[in-house]
Amino acid sequence: SAQMPDRTVSDSLRAVADLKGMRHKIHILVLLSALPGSVCGHANQTAILDDCAVEGFSALQVRSVAGSVFACPSGSLHSQFWERAKGGYRRINSPTPSVPHIAKECQSVNLVTAGHHRHDRYHRHHKGVYLERTSGLPQAVQEVRLPLIPYPALVNLSSKAPPFRLEGGIEVKVGKGIPENHLALATLRKALQGQREVRTDGAGGAAHVGGIVHLEVVLDKAKSPESYVLQIREHDIELTAPALAGLFYGVQTLRQLVQTGAHRKELPQVLIQDSPRFEWRGLQLDVSRHFFGAEEVKLLLDTMATFKFNRFHWHLTDDQGWRLPVDGYPKLTEVGSEGFGGRQSYTEEQIRDVVAYAKERHIEVMPEVDMPGHVAAALAAYPQLGNRDVEGWQAPAGPLDHFGVSDYTLSPSNASLAFMEKVYSTIGRLFEAPWVHIGGDEASTKEWSVSTAATDFLATEASSGRQVQSFFNRHAGEMLERTKKTVISWDESLHMPGLPESSVIMAWRSEDEVRKALEAGKKLINCDQTTYYFDHYQGSHGSEPKAFCCLTTLQQDPMPLGLNEEQKKLVLGGQGQLWSEYLSDWKQVEYMAFPRSLALAERLWTAPAQISGFDEFEARLSERLKDLDERDVKYKSPSNAR
């Protein structure tokens, strides 16, 4: 594939294709990953494509030494364009060494190619879709891609069939079980603004003037509740889903089609069958380092919903500010919230409002209260929660005004346990989601190691021994299990005992932590900082605003290579992080989030077989950036984002 290192090409070679009868002869190698757990087809097979004269690259006639069908159940079949070179073949525009010629003594089988990673592309916008061609191929060989992000699982486009006309009025027929106030309807009405619309609930109603849009929820527990089927015919559009979430996502797809181009008048006939690749498609926002109000959070939720994100991770507390009101601890939002912008926190009403707003957009909100480290703001408000017996210990005068890992931690004490109980009971009242993030990262052991009180207290905690982190893991897990919440924590918690069996790991430090969590049999969310930390640079340091560090791209897939089938089931999805040390205002948050969050949306929703590489994605992105423009969302221009 496009991400496969050149050194693996010779190890990955399973087929050589030789297209004939074309104006310019081009040779294609079909590469199958030879990494553990990712092998497709049968080892030691070779194949040669011969006499291809069909459109596209489906069901191409192939000859095979073993006479077997090449199959790739995981969808990781790849193709690239190669050219004949001295002694063998060479990838076009690449220094990859030649690979040997392969003999042509073979039998006929069929091969369906998918996930093409092509070179020398150019695109042409035609009637609302992109025609992708590769230089040197005849006019007949082309791939039609609709300007959608994320791209659906299956798109069957009838490009020569009469289109659905968006003129003369549109009648919308809404089936039973779809509430009149559901956001999907409001979204559709806005997309069809200026068109005539009638609600009939499936029976009777006024005669229509133009085309008809049918919306229907057909309950089917066997299907993903986020799936949908969208069919556009000449005179009608039919959108069906097994639940309201799928209906909402289907409307987002239809909205993108309707709003493509400044003067869209028609839609191509198409059948789209779609469902997400991963169940966890998330973005995180840190409101502790720099605070962002409820209305700004809603702006992010709006854009997330547009591109089918379904999880919002709200990082509410840290050393630089405590933003969550907690029963019985008023100083948390008085002293503990006095950050860079003054005293700033949320009220219970604002939190409930954000949670309801997200729910309407089929986004679940997961709160994070980071403990036992990252608690300087809490200790400024309530010093009795700290390790006060440590020689020279002083409570912070207020939330920290600098960044980095602090030595301040909660003490393993009855006071800390009572505090945690109140925090989690407050969260249980305010948040509906079944998970709570307990933090658990970067907790210094410096104070605990010299605290006599900590040592004496833990002597009574036989199951925890002297591992203070495991003490907090265990008690947090027990408290949250009583409220039927699932614990989620950063990967440091994995290396200390105490987490409940049901806990989920957010692996952030490296892909190695992803694999360790899987080896431990833990469900996980891939948050690898090298790929999913959006506080990192997205271009050269000299041309970008100050960021935390490094250059982060989305070249890596959320599903690591080499996993067995059971391990793959444990990967719930992935999440982009917006840590706010250097995000001092809302427009900077948007700039760091977009458009790479759109690339993440595609990674998390779209099957690998439908991802065709950067050039093809960029062509669709150019159209979808208009969605951001319409919302006045600031973003980095992708023109130099390679």
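Structure first, text after, so check above.
Residues numbered from 1 in each chain as written. Predicted model: local features only at pLDDT ≥ 70, side-chain atom pairs only at ≥ 80, totals over all residues. Heavy atoms only, no water.

1. Considerations on the environment of Glu279
Here's step 1: With respect to the secondary-structure elements, Glu279 resides in the loop between β18 (269–274) and β19 (280–286).
Here's step 2: Residue classification places Glu279 among the partly exposed residues on the basis of a relative accessible area of 48%.
Here's step 3: Remark: the alpha-carbon pair of Glu279 and Val571, spanning 292 residues in sequence, is separated by 9.2 Å.
Here's step 4: Apart from residues lying up to four places away in sequence, Glu279 is in contact with Asn310, Arg311 and Leu572. (Helix = DSSP H or I, 4+ residues; strand = E, 2+ residues; numbered from the N terminus. Buried < 20%, exposed > 50% of the residue type's maximum accessible area, 1.4 Å probe, protein only. Contact = heavy atoms within 4.5 Å.)

2. Description of the side chain of Asn310
Here's step 1: Positionally, Asn310 belongs in the loop between α4 (294–306) and β20 (311–315).
Here's step 2: Asn310 gets classed as buried once you look at its relative accessible area, which sits at 1%.
Here's step 3: In this structure the side chain of Asn310 is engaged in a polar contact, spanning 3.0 Å, whose partner is the side chain of Glu226.
Here's step 4: Side-chain polar atoms of Asn310 contact the backbone oxygen of Glu279, separated by 2.9 Å.
Here's step 5: Those residues within four positions of Asn310 in sequence are excluded, and the remaining contacts are Glu226, Tyr249, Glu279, Trp280, Arg281, His362, Ile363 and Glu364. (Polar contact = N/O pair within 3.5 Å; in protein donor to acceptor, adjacent residues only side chain to side chain.)

3. As for the pattern of salt bridges
Here's step 1: This structure, assessed with the given rule, holds 39 salt bridges.
Here's step 2: The salt bridge involving Glu581 is made with Arg289; its shortest N-O contact spans 3.7 Å. You can see Glu581 sitting in the loop between β30 (571–578) and α14 (586–593) and its partner Arg289 sitting in the loop between β19 and α4, a full 292 residues away along the chain. As far as the burial class goes, Glu581 and Arg289 line up, both buried. (Salt bridge = Lys/Arg side-chain N within 4 Å of Asp/Glu carboxyl O.)

4. Focus: the pairing of strand β15 (residues 228–232)
Here's step 1: The alternating pattern of β15 places Tyr228, Leu230 and Ile232 on a buried face, while none of Val229 and Gln231, on the opposite face, is buried.
Here's step 2: Sheet topology note: the β15/β18 ladder contains five bridges and is antiparallel. For Ile232, the partnering residue across the bridge sits in β18 and is Val270.
Here's step 3: Pairing between β15 and strand β16 (residues 236–241): four bridges, direction antiparallel. When the bridges of β16 are listed, Val229 appears paired with Thr240.
Here's step 4: Hairpin connection from β15 to β16: three residues lie between these consecutive antiparallel strands. (Pairing = 2+ DSSP bridges.)

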